[in-house]
Amino acid sequence: MLSNRRPTALLLTIALVCTAAVLAAACGGSGGDDKLVVYSGREQELVEPLYAQFTKDTGIELDVRWGESPELAATIREEGDATPADVFYAQDAGSIGVLDSQLTPLPQADLDLVDARYRDPAGLWVGVTGRIRVLAYNTDRVQSDALPASVLDLASPDWKLGDIGVAPTNASFVGFVSAMRETLGDANTQTFLDGLATHAKTFQKNGQIVDAIASGEVDTGLVNHYYLYEKLGSDPNAPIANHYFDPSDPGSLVNVSAVGILSTSTQKEDAETFVNWLLTKGQVYFANDAVEREYPLNASQPGLERAAELPPLAEHMGPDVDLAKLGEDLEGTIAMIRKAGLVT
Amino acid sequence: MIAIAPIVYLVIRATAGGGAQSLDVSTIWPATVRTFALAVFVAIGAIGIGVPLAVLTVRTNLPLRRIALVLGALPLVIPSYVGALALLGALGPRGLLAQALEPVGVFRLPTIDGLLGSTIVLVLFTYPYVLLLTASALRRIDPTLEQAARGMGRGSLDTFLNVTLPQIRSSVIAGALLAALYAMSDFGVVSLLRCTTLTREAFLRYDALYDPAGAAAVGLVLAALALLMVGAEQWTLRGSTVAARRRVRARDADVPLELSRGARVGATAFVTIIVFLALLLPLAILGWWAITLVGQADLLSQIIEVLPAAGNAIAVSVAAAVVCLLLALPVAALVARTGGRLPRWIESISYIGYALPGIVVGLGLVFFAIRTAPFLYQTVALVVLAYVVRLLPQAISGARSGWERVDPRFEQAARGMGRSGLDTLVRVTLPLAAPGVLTGAALVVLTAIKELPATLLLRPNGFNTPATIIWQKTNVAEYASAAVPALILIAISVLPVYVLLIRPEARSYRRST
């Protein structure tokens, strides 16, 4: 019995210490009332250096909440008026679009820095960076001249390049299908999805598709252009490249990462400084320093040299659709993707 | 109250937003069937591996059986999502095996995914629930009954089926229930292996449709399915009594079952294959990734980066286990002693939180905290509370099995000698019930330490655990970058497993030999 006591006492001590630590931490509260609270749906590895630079430039300290964009959007909706968030910087326009009733209009001067097609018509959010849909491919297994000019060829019965990696429920793919519905109509879109499904291999996220292409699990995949650079950043010799569809093809949709200010924010001035900074000095980071080579959307910002190495965004305008409208019938889009059998 | 909170939230959310109407039953039906099938298959698979392993390591003269038990239980520390990644890295279409086979003309191996693939992976990482509960049940039943049966000329198998099995049935099924409900709430494995269960449907509604009402409606279906499973458990246990209590000292009665030479070879092969697939292979792959892909220079800095997060995870998990125990003990005592309706009902309800996806529980707590206790919002207290909501049944079932072990006559004797009720509880009942109670607490720590979805939603800004770091790293770069935090997570999980689950088991060998 005695030999049993000591471990029990030790366990009790550990348990008490941990509980006390947690209680103490909880009573300390979240604090930091003077900091600007940013809900960041953008990846920590990508934008943490950017945020650090912002604080250095402006002296405004940030209290950042990291998460997946849709889940942060859901959190802000549950929090309602009590949300601690001052700013939401989302991975995609869709995630911020659902918060319309909780956002406050941005200053017109900031909105005007960005082409009207990359921002909310009501001025509630503005695009910070752009990305183009592409077909990434394995350079060891596919000749670039075998790749089609239109995404519609991916659905053809004559498709010869094996399984295509697709992330059917990811915001980037859903947005692409919604845009196709706008430009080609529902019937043509369903035909495309049905055809694509016959040689699609599904994944949860774009990053998984790029990994699968590099390893040779699939030979091609539909992703945003910057995933290639993420992959090459961690594995410079990966046999992978981007194929761009024709500039006006439905496959060339341009989507954006977007930022907005909560109407309940108590620090609107700092929040506006943050948004303005992202659209000016922050653009330089995305153009020149970030591993992921997204397109800076404020072309008037000086010092964006490296962005010029990418295929010009102006030539890849993609189908002419209103990004704010892409979220209007998500149920319909998902239903069509389901109907094609892509959600397994 | 805590157990019901998620349900209240789901009902409010589902009805307020018109989710019940927006939920198209035709989209949910296949996922419901798939979820049910996955839960049943995982339960069967976990029994199929866990029970033989328990019998072999506790009751036979299998070589190295003590080590086999320890290794057999350890897959519990590998988060199933990380395990799935590692297994894909080894055996996936372009995993290491496929690369090794390239010279002989095999480029891609077939993809094992969907219901089959998810079942295999989830069984491999949940069978230890059955193994541990069964092993401890085997150890506390009275072996004289089996000896009597064999003495009357019954064969070993016959004895096992008709004498042993009925006595350990409740533990086997309790373990299988934990495995089945874990499978229902799992998101990582099913999304990696393309099996759209209800949990994935709920995530789809949040992530692609921004439809919390629809997600809540899916959550209600999931809750109903969980109650069905718990009901099925109680139905299978109807009329069963608590196992005959061991009255003979182990060393006097335990005679290990002699395996024939053929059976020994077969049993050894079985144990080896399971341990290889569920433990050694995933660990080897993670180690390989850590060494080759992270690079020697980064290795140390990555380890240092993860250590504070490991401390955070331990603190909140242990705190959650303490709170779980405080809540579980009265419920367990009442269920075990009085068998009353209300405590049994509370126990059943608590399983709902366990079967719900972490994101549902997380958003439910966001909803309640912001409205009723804003001072708790985005503090670790809420993280602890989320773990309690999700993991309470593990603590209750552990505590209940501990309580059932205590012969009420000991308590009566203590009272008869003039001890007060509290004194009896502290001096007699709790020490005797401790092994089961601690097993439940250890399961809570283990599951909490690797929890991700609710942690992400509820944590204070800047609060990391190894699981959130794995999430952060796999979000951008390839999976290999998660190797270091994953290995540290596994390392810190080994301690509670060893101290609380394996050591008491292994120690009784010493008593019996």
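As the structure is a prediction and not an experimental result, all values here were calculated from the model. (Residues numbered from 1 in each chain as written. Chains lettered and ligands numbered in written order. Predicted model: local features only at pLDDT ≥ 70, side-chain atom pairs only at ≥ 80, totals over all residues. Heavy atoms only, no water.)

1. Structural notes on the overall build of chain A
Argument step 1. Looking only at helices and strands, chain A features 12 helices and 11 strands.
Argument step 2. Taken along the three principal axes of its C-alpha coordinates, chain A extends 75 × 65 × 40 Å.
Argument step 3. Each of the 344 residues in chain A was classed as buried or not, and the buried ones make up 59%.
Argument step 4. Sequence separation of 24 or more characterises 74% of the internal contacts of chain A that already satisfy a separation of 6 or more.
Argument step 5. When the accessible surface of chain A is summed, it comes to about 13,300 Å², and 52% of that surface belongs to carbon and sulfur atoms.
Argument step 6. For chain A, the distance from the average site of its 24 positive side-chain charges to the average site of its 49 negative ones is 6 Å. (Helix = DSSP H or I, 4+ residues; strand = E, 2+ residues; numbered from the N terminus. Buried < 20%, exposed > 50% of the residue type's maximum accessible area, 1.4 Å probe, protein only. Contact = heavy atoms within 4.5 Å. Areas by Shrake-Rupley, 256 points an atom, 1.4 Å probe, with all protein chains shown as cover. Lys, Arg positive; Asp, Glu negative; His and termini not counted. Charge placed at Lys NZ, Arg CZ, Asp CG, Glu CD.)

2. Let's talk about the overall build of chain B
Argument step 1. Counting its regular elements, chain B contains 23 helices and 0 strands.
Argument step 2. Burial analysis of chain B (513 residues in total) assigns 60% to the buried set.
Argument step 3. In chain B, of all internal contacts separated by at least 6 residues, the share reaching a separation of at least 24 is 83%.
Argument step 4. Total accessible area on chain B stands at roughly 19,700 Å², and carbon and sulfur atoms take up 68% of it.

3. Description of the packing of helix H4 (residues 65-73) of chain B against helix H7 (residues 114-140) of chain B
All names here are of chain B.
Argument step 1. For the pair H4 and H7, interaxial distance at closest approach is 9 Å and the crossing angle is 140 degrees. The orientation of H4 relative to H7 falls into the category oblique. Counted together, Leu69, Gly72 and Ala73 of H4 and Tyr127, Pro128, Leu131, Leu132, Ala135 and Arg139 of H7 form the full contact between these two elements.
Argument step 2. Within the contact of H4 with H7, the residues separate by chemical class into 7 nonpolar, 1 polar and 1 charged. (Axes fitted to C-alpha atoms, helices over the stretch in contact; angles between N-to-C directions. Parallel < 35°, antiparallel > 145°, perpendicular 65-115°, else oblique. Nonpolar A, V, L, I, M, F, W, Y, C, P; charged D, E, K, R; others polar.)

4. So, the interface of chain A and chain B
Argument step 1. At the junction of the two partners, chain A supplies 60 residues and chain B supplies 64 residues.
Argument step 2. Of the roughly 5,200 Å² buried between chain A and chain B on both sides combined, carbon and sulfur atoms contribute 54%.
Argument step 3. When the buried area of chain A at its contact with chain B is split by residue, Arg65, Glu78 and Arg338 of chain A rank highest and sum to 14% of it.
Argument step 4. Seen at the junction of chain A and chain B, the total is 3 salt bridges.
Argument step 5. Linking Asp219 of chain A and Arg108 of chain B is a salt bridge whose minimum nitrogen-to-oxygen distance equals 2.7 Å.
Argument step 6. For the pair chain A and chain B, the interface holds 23 residue pairs in polar contact (both at pLDDT 80 or more).
Argument step 7. Considered class by class, the residues forming the side of chain A that touches chain B number 22 nonpolar, 17 polar and 21 charged. (Buried area = accessible area lost by both parts, 1.4 Å probe. Salt bridge = Lys/Arg side-chain N within 4 Å of Asp/Glu carboxyl O. Polar contact = N/O pair within 3.5 Å; in protein donor to acceptor, adjacent residues only side chain to side chain.)

5. What about the pairing of strand E2 (residues 62-66) of chain A?
All names here are of chain A.
Argument step 1. Most of E2 sits out of view: 5 of its 5 residues are buried.
Argument step 2. The side-chain alternation of E2 yields two buried faces, one formed by Leu62, Val64 and Trp66 and the other by Asp63 and Arg65.
Argument step 3. The pairing of strand E1 (residues 36-40) with E2 spans 5 bridges and is classified as parallel. Paired with Val38 across the bridge in E2 is Val64.
Argument step 4. Each parallel crossover has a hand, and the one from E1 via helix H2 (residues 44-58) to E2 is right-handed. (Pairing = 2+ DSSP bridges. Right-handed = clockwise from strand over helix to strand, strands pointing away.)

6. Concerning the side chain of Ser150 of chain A
Residue and element names in this part refer to chain A.
Argument step 1. By the secondary structure assignment, Ser150 is in the loop between strand E5 (125-138) and strand E6 (164-166).
Argument step 2. Residue Ser150 is classed as buried on the basis of its relative accessible area, which comes to 16%.
Argument step 3. A polar atom in the side chain of Ser150 sits 3.0 Å from the backbone nitrogen of Leu152.

7. Thoughts on the packing of helix H19 (residues 408-416) of chain B against helix H20 (residues 421-449) of chain B
Residue and element names in this part refer to chain B.
Argument step 1. H20 packs onto H19 with a crossing angle of 150 degrees between their chain directions and a minimal axis gap of 10 Å. With respect to H20, the axis of H19 lies roughly antiparallel. Of the two elements, H19 crosses H20, and the hand of that crossing is right-handed. Along the contact surface, H19 presents Phe410, Glu411, Ala414 and Arg415, while H20 presents Gly421, Thr424, Val428, Thr429 and Leu432.
Argument step 2. By residue class, the composition of the contact of H19 with H20 is 4 nonpolar, 3 polar and 2 charged. (Left-handed = near helix turned anticlockwise from the far one by under 90°.)

8. Here's the deal with the domain arrangement of chain A
All names here are of chain A.
Argument step 1. One can read the domain layout of chain A as domain 1 (36-130 + 254-311) and domain 2 (131-253 + 327-339).
Argument step 2. Taking the mean C-alpha position of each, domain 1 and domain 2 sit 26 Å from one another.
Argument step 3. Contact residues are listed per partner, giving 18 residues for domain 1 and 13 residues for domain 2.
Argument step 4. Roughly 1,300 Å² is buried in total at the junction of domain 1 and domain 2, and carbon and sulfur atoms are behind 53% of that figure.
Argument step 5. By the criterion of area lost to domain 2, the three top residues of domain 1 are Val254, Asn255 and Glu292, representing 34% of everything that side buries.
Argument step 6. Between Glu68 and Lys205 there is a salt bridge, and its shortest N-O distance comes to 3.5 Å.
Argument step 7. Seen at the junction of domain 1 and domain 2, the total is 7 residue pairs in polar contact (both at pLDDT 80 or more).
Argument step 8. Contributing elements (two or more residues each) for the side of domain 1 that touches domain 2: E5 and strand E10 (254-262).
Argument step 9. Looking at the side of domain 1 that touches domain 2 element by element, the count peaks at 4 residues for E10. (Domains from an automatic or database assignment.)

9. Comments concerning a nonpolar patch on the surface
Residue and element names in this part refer to chain B.
Argument step 1. A contiguous nonpolar patch, built from Ile4, Val8, Ile12, Leu342, Trp345 and Ile346 and spanning about 510 Å² of accessible area, is present on the exposed surface.
Argument step 2. The element contributing the most residues to the nonpolar patch is helix H16 (residues 341-355), with 3 residues.
Argument step 3. For Ile12, the position within the fold is in helix H1 (residues 5-16). (Patch = residues over 30% accessible without salt bridge, like charges linked within 9 Å, V, L, I, M, F, W, Y side chains within 5 Å.)

10. Notes on the pattern of salt bridges
Proximity of charged atoms lets side chains of opposite charge pair with each other.
All names here are of chain B.
Argument step 1. Overall, the coordinates contain 21 salt bridges over all chains when judged by the stated rule.
Argument step 2. Ionic pairing is found between Glu102 and Arg94, a salt bridge with its closest N-O pair at 3.2 Å.
Argument step 3. Judged by relative accessible area, Glu102 falls into the partly exposed class, the value being 36%.
Argument step 4. Owing to a relative accessible area of 12%, Arg94 belongs among the buried residues under this scheme.
Argument step 5. A salt bridge links Glu347 to Arg400; the nearest nitrogen and oxygen atoms lie 3.1 Å apart. Of this pair, Glu347 sits in helix H16 while Arg400 sits in helix H18 (residues 380-405), and the two are 53 residues apart along the sequence.

11. Quick look at the environment of Pro330 of chain B
Argument step 1. Structurally, the position occupied by Pro330 of chain B is in helix H15 (residues 296-338).
Argument step 2. Expressed as a C-alpha distance, the spacing of Pro330 of chain B and Glu233 of chain B, which sit 97 residues apart in the sequence, is 22 Å.

12. Quick notes on unusual backbone geometry
Excluding glycine, residues mostly have negative phi values, and the peptide bonds linking residues are mostly trans.
All names here are of chain B.
Argument step 1. For Arg194, which is not glycine, the phi torsion reads 60 degrees and is therefore positive.
Argument step 2. Mapped onto the secondary structure, Arg194 falls in the loop between helix H10 (188-192) and helix H11 (198-207).
Argument step 3. Given a relative accessible area of 11%, Arg194 falls into the buried group.
Argument step 4. Of note in the backbone geometry, Tyr210 takes a positive phi value of approximately 50 degrees without being a glycine.
Argument step 5. Position of Tyr210 relative to the elements: it lies in the loop between H11 and helix H12 (212-236).

13. Section: the pairing of strand E9 (residues 240-243) of chain A
Residue and element names in this part refer to chain A.
Argument step 1. With burial as the criterion, each face of E9 is covered, one bearing Ile240 and Asn242 and the other bearing Ala241 and His243.
Argument step 2. Relative to E9, E5 is paired through 4 bridges, and the arrangement is antiparallel. Residue pairing in the sheet places Asn138 in a bridge with Ile240 of E9.

14. Details of the packing of aromatic side chains
All names here are of chain A.
Argument step 1. Scanning all chains against the criterion turns up 11 aromatic pairs over all chains.
Argument step 2. Taking 6.0 Å as the distance between ring centres and 85 degrees as the angle between the ring planes, the aromatic pair formed by Phe176 and Phe192 counts as edge-to-face. Of this pair, Phe176 sits in helix H6 (residues 171-184) while Phe192 sits in helix H7 (residues 186-197), and the two are 16 residues apart along the sequence.
Argument step 3. A ring pair is formed by Tyr285 and Phe286, whose centres lie 5.7 Å apart and whose planes are at 75 degrees; its orientation type is edge-to-face. (Phe/Tyr/Trp six-rings, centres within 6.5 Å; stacked < 30°, edge-to-face > 60°.)

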